[in-house]
Amino acid sequence: MKPTQQSPRGRPDFMLLILTLILVGFGLVMVFSASSNIAAVSDKYGHDPLYFTKRQFMWIALGLGSMFILMNFTYSWFKKGFILYFVPVFILLALVPFIGQKINGARSWLGVGSMGIQPTEFAKLGIILYLGSLITKKGEKFREFKRGLLPVMIIVGIICGMVMLQPDLGSCLILAASAGVVIIAGGANLKQVFGSVLVVAAVTAVVVSISILSGNTNWEYRIDRFTSYMDPWADQSDTGYHLSRSLEALGHGGLTGAGFGHSVQKLHYLPFAYNDFIFAIIAEEFGFIGSAIFLLTYLLFIWRGLLVALRCPDVYGTVVGVGIIGLIAIQAVVNIGGVTGTIPITGVTLPMISYGGSSMLVTLASLGILLSISREYNKPVKTERGRGRTLDSSGKPQLRMVK
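K.L.:
How should the overall build of the protein be read in this particular structure?
P.N.:
Counting secondary structure elements, the protein contains 13 helices and five strands. Out of the 403 residues belonging to the protein, those deemed buried represent 48%. Relative to all contacts within the protein whose residues are 6 or more apart in sequence, the contacts with residues 24 or more apart total 69%. Accessible surface, the protein: about 19300 Å² in total, of which carbon and sulfur atoms supply 67%.

This is how it looks when you write it as structure tokens:
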């Protein structure tokens with residue numbers, strides 16, 4: 001008897017898709033609230049209160065377009081196809097320190113005028129796809145240090161080094177942490193991983209110490225910013241300025257908030273209110289209750305994404321899926337932790353919420369791949385006529401039932 005034809009692809013995870021759209025929509029509303037007053041009174045932005053909102057909407061449209069395209073790709077295509085993405089990103093990342101635009105002390109942008117992209121954001125997805133393919137290809141050899149973990153760490157080290165040339169410490173830490181999630185999800189020997197982390201941390205501490213002793217004021221300033229979270233009120237006019245204004249916003253919000261659009265700190269007090277510190281505006285306008293609802297929604301999104309990754313029947317899909325949702329979760333924790341004074345401020349965006357074109361585009365494209373992964377375990381079950389046996393995608397009988 002002839003095997004049946006290949007089954008159609010399954011539907012994408014509906015809950016993950018809806019949560020994504022809810023968070024992106026809420027983020028657009030908050031970008032308008034946090035930026036409209038500043039843009040309306042500024043010659044630089046043409047006195048247009050919708051200046052940032054319209055630009056964010058454009059990036060959301062591009063991101064959603066990428067997401068819907070990629071969710072219709074078979075995710076396994078990226079096992080080899082990732083090279084078409086990774087190589088151009090690697091080249092752009094190498095060019096940034098030489099021809100990039102310097103903004104806020106870091107040369108992280110490529111572009112002309114007010115339009116540009118951050119190659120570092122694209123590198124975060126690139127390293128996940130690359131490591132996922134490499135780890136899957138190595139198989140059991142990945143648990144060996146010389147043939148498994150060491151080559152992977154060299155690759156991650158090169159990318160992180162290129163990011164630090166900008167320099168962008170926050171993105172470097174997030175990229176390294178996301179790579180660590182992929183490495184652990186890929187089945188690396190944990191003793192080797194933790195031992196390697198200790199060695200890298202020790203080397204980094206020595207390099208930073210030498211840099212400070214040689215008179216590098218940039219590192220001194222970064223360390224002051226790094227430690228100011230312990231007492232931001234001690235230097236409110238300089239290193240503790242951002243955090244002290246952020247904490248005032250959280251305190252002003254109280255239990256129920258000041259109301260939508262009624263934030264005080266966004267009125268030229270808290271810098272980058274529509275970007276790095278947008279969670280402070282959410283807390284000020286919606287209070288503890290509103291912030292809690294937002295955080296629970298975000299946690300539900302992360303939980304659903306992790307569930308999608310773990311349900312994938314293929315190792316590559318699981319590793320890449322965990323890496324994608326891990327990247328979003330790590331960046332969200334770093335952003336919110338910095339805004340609330342839980343951890344030092346590192347200047348990273350809140351995925352899907354903050355203003356930022358590159359971050360939005362890469363995040364939504366990443367979720368397109370994750371939704372593609374969800375279509376694998378949502379494939380409709382086929383049975384062989386007359387025998388009632390479950391068939392796999394090639395039409396061969398299998399024992400495992402696809403949920």
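K.L.:
Just to check I follow, could you spell out the packing of helix α2 (residues 51-70) against helix α13 (residues 357-377) for this structure?
P.N.:
The relative placement of two packed helices comes down to the angle between their axes together with the axis-to-axis distance. Following both chains from N to C, one finds α2 and α13 inclined at 20 degrees, their axes separated by 7 Å at the closest point. Classed by the angle they form, the pair α2 and α13 counts as roughly parallel. Every pair of crossing elements has a handedness; the one defined by α2 and α13 is right-handed. Contacts between α2 and α13 involve Gln56, Trp59, Ile60, Leu62, Gly63, Leu64, Ser66, Met67 and Leu70 on the former and, on the latter, Gly357, Met360, Leu361, Leu364, Ala365, Leu367, Gly368, Ile369, Leu371 and Ser372.

K.L.:
Just checking my understanding: could you explain the pattern of salt bridges for this structure?
P.N.:
Between side chains of opposite charge, a pair can form as their charged atoms come close. Under the counting rule described, the total for this entry stands at five salt bridges. Of the charged contacts, one joins lysine 124 and glutamate 121 as a salt bridge, the two residues approaching to 3.3 Å between their closest N and O atoms. Residue lysine 124 and its partner glutamate 121 are both found in helix α5 (residues 119-138); the two are separated by three residues, about one turn of the helix. We classify lysine 124 as buried; its relative accessible area is 2%.

K.L.:
What am I meant to see in the nonpolar core here?
P.N.:
Proteins that are soluble and globular tend to have nonpolar side chains buried together. Within the largest apolar cluster, 99 residues are counted, with the highest numbers of intra-cluster contacts made by Leu131, Tyr298, Phe301, Leu350 and Ile369. Setting aside residues up to four positions removed in sequence, isoleucine 369 forms contacts with Leu70, Phe78, Leu125, Leu129, Val320 and Ile324.

K.L.:
Looking at this model, I keep getting lost on the packing of aromatic side chains. Mind explaining?
P.N.:
Geometry of an aromatic ring pair is reported as the spacing of the ring centres plus the angle between the planes. Scanning the model with the defined rule gives 19 aromatic pairs in all. Measuring from centroid to centroid gives 6.3 Å for phenylalanine 86 and phenylalanine 90, while their planes differ by 35 degrees, and the two rings are tilted. Of the two residues, phenylalanine 86 and phenylalanine 90 are both situated in helix α4 (residues 83-99); the distance of four residues between them amounts to about one turn of the helix. Here phenylalanine 86 falls in the buried class, since its relative accessible area comes to 12%. Ring geometry for phenylalanine 279 and phenylalanine 294: centres 6.1 Å apart, planes at 35 degrees, overall tilted. Judged by relative accessible area, phenylalanine 279 falls into the buried class, the value being 4%. Overall, phenylalanine 294 belongs to the buried group, its relative accessible area being 5%.

K.L.:
Help me understand the environment of isoleucine 183 in this model?
P.N.:
Structurally, the position occupied by isoleucine 183 is in helix α7 (residues 169-185). Here the alpha-carbon distance between isoleucine 183 and leucine 149, two residues 34 residues apart in the chain, equals 8.1 Å.

K.L.:
Can you walk me through α7 in this structure?
P.N.:
Because each turn of an α-helix spans 3.6 residues, side chains separated by three or four positions end up pointing in the same direction. For α7, spanning 17 residues, the distance from its first C-alpha to its last is 24 Å, which sits close to the expected 24 Å at 1.5 Å a residue. All of the buried residues in α7 are Gly170, Ser171, Cys172, Ile174, Leu175, Ser178, Ala179, Val182 and Ile183. Of the residues one or two after α7, glycine 187 is the one with positive phi, at around 95 degrees.

K.L.:
What's the story with the packing of helix α1 (residues 14-40) against α13 in this structure? I'm lost.
P.N.:
Where α1 meets α13, the closest approach of the two axes is 11 Å, and the angle between their N-to-C directions is 170 degrees. In this view, α1 runs roughly antiparallel relative to α13, as classed from their interaxial angle. Taken together, the residues of α13 that come into contact with α1 (itself represented by Leu16, Leu17, Thr20 and Val24) are Met360, Leu364, Leu367, Leu370 and Leu371. Looking at the contact of α1 with α13 residue by residue, the class counts come to eight nonpolar, one polar and no charged.

What counts as what
Residues numbered from 1 in each chain as written. Predicted model: local features only at pLDDT ≥ 70, side-chain atom pairs only at ≥ 80, totals over all residues. Heavy atoms only, no water. Helix = DSSP H or I, 4+ residues; strand = E, 2+ residues; numbered from the N terminus. Buried < 20%, exposed > 50% of the residue type's maximum accessible area, 1.4 Å probe, protein only. Contact = heavy atoms within 4.5 Å. Areas by Shrake-Rupley, 256 points an atom, 1.4 Å probe, with all protein chains shown as cover. Axes fitted to C-alpha atoms, helices over the stretch in contact; angles between N-to-C directions. Parallel < 35°, antiparallel > 145°, perpendicular 65-115°, else oblique. Left-handed = near helix turned anticlockwise from the far one by under 90°. Salt bridge = Lys/Arg side-chain N within 4 Å of Asp/Glu carboxyl O. Core = buried A, V, L, I, M, F, W, Y, C linked by side-chain atoms within 4.5 Å. Phe/Tyr/Trp six-rings, centres within 6.5 Å; stacked < 30°, edge-to-face > 60°. Expected span 1.5 Å × (residues − 1). Nonpolar A, V, L, I, M, F, W, Y, C, P; charged D, E, K, R; others polar.

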